[in-house]
Amino acid sequence: MEEQATAFKIKLELEGVIFEALKVNDGIDVVAIKIIGTNCPLIQVACVFDTNDRGAQLRCYSICKVSDDKRWPILEFINNFNAENRWLKLLIDGKNEINCETDIMFNIDIAA
C-alpha cells in the first residue's frame, strides 16, 4: 500500500499538484486533492489505497448540488448510468451533492 501511495505522491509533486497525505483506519493511505474549476465548486478527490497494494478507490465529492425539485429525475439518470457503467458509480449523498467513485486495479508487475 505504501509503495503505490508514495509513487502517486511523488508524481503529484512533480506535476506541482497540492495534496494532503493521510493515514486512516490502521494505516490505510489516503491522498486527498482539492480541485476548483471555473464552472464548478470545490471538488474534493480522495485516492484510497488498498492494504494489499493491488488497487485503490478514487472518490470525488461534491461534484455538484442537486435542487430538491430535480432530485428524482437525477436519481433516475444516476440509476441508468450506474446500470450501464461497470467501473464508475455516481450517487447523491444526504446533502443532495453528486459524488463519484471508481476502483483502480494495479498490475503489480508493471506498477511504478
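Above this text you will find the structure in question.
Worth saying up front: this structure is predicted, and the values here are computed from it rather than measured.

Once that is clear, we can look at the overall build of the protein. When its secondary structure is counted, the protein shows two helices and six strands. The secondary structure elements of the protein, listed N-terminal to C-terminal, are α-β-β-β-β-α-β-β. Here the protein holds 112 residues, and the buried ones make up 29% of them. Long-range contacts, defined as pairs at least 24 residues apart, comprise 37% of the intrachain contacts of the protein with a sequence gap of at least 6.

One face of the sheet, then the other: side chains in a regular strand alternate in exactly this way. Where strand β5 (residues 88-92) meets strand β6 (residues 97-105), five bridges bridge the pair, whose relative direction is antiparallel. The partner of leucine 91 across the bridge, within β6, is asparagine 99. If you look at the hairpin formed by β5 and β6, you'll find four residues sitting between the two strands, and asparagine 96 has a positive phi there, around 65°.

Counting residues in hydrophobic clusters, the biggest one holds 17 residues, and the most contacted among them are Val45, Phe49, Cys60, Ile78, Leu90, Ile92 and Ile98. Of all the elements, strand β3 (residues 40-49) adds the most residues to this core, at four residues. Leaving out residues up to four positions away in the same chain, leucine 90 has contacts with Phe77, Ile78, Phe81, Asn82, Ile98, Asn99 and Cys100.

All told, the structure shown has two salt bridges when counted by the stated rule. Between lysine 89 and glutamate 101 there is a salt bridge, and its shortest N-O distance comes to 3.1 Å. Remark: glutamate 101 occurs in strand β6 and lysine 89 occurs in strand β5; sequence separation between them is twelve residues. Judged by its relative accessible area of 25%, glutamate 101 falls in the partly exposed class.

A few words now on helix α1 (residues 2-14). Relative to the 18 Å expected for 13 residues at 1.5 Å per residue, α1 spans 18 Å between its end C-alpha atoms, a close match to the ideal helical length. Within the span of α1, buried status applies to Gln4, Ala5 and Leu12. Axial view of α1: buried residues confined to an arc of 95°, hence all on one face. Those residues of α1 that are exposed and aimed more than 90 degrees away from the buried face are Glu2, Glu3, Glu13 and Leu14. At the exit of α1 stands glycine 16, carrying a positive phi of roughly 75°.

What counts, and where the lines are drawn
- Residues numbered from 1 in each chain as written.
- Predicted model: local features only at pLDDT ≥ 70, side-chain atom pairs only at ≥ 80, totals over all residues.
- Heavy atoms only, no water.
- Helix = DSSP H or I, 4+ residues; strand = E, 2+ residues; numbered from the N terminus.
- Buried < 20%, exposed > 50% of the residue type's maximum accessible area, 1.4 Å probe, protein only.
- Contact = heavy atoms within 4.5 Å.
- Pairing = 2+ DSSP bridges.
- Core = buried A, V, L, I, M, F, W, Y, C linked by side-chain atoms within 4.5 Å.
- Salt bridge = Lys/Arg side-chain N within 4 Å of Asp/Glu carboxyl O.
- Expected span 1.5 Å × (residues − 1).
- Arc of directions from axis to C-beta.

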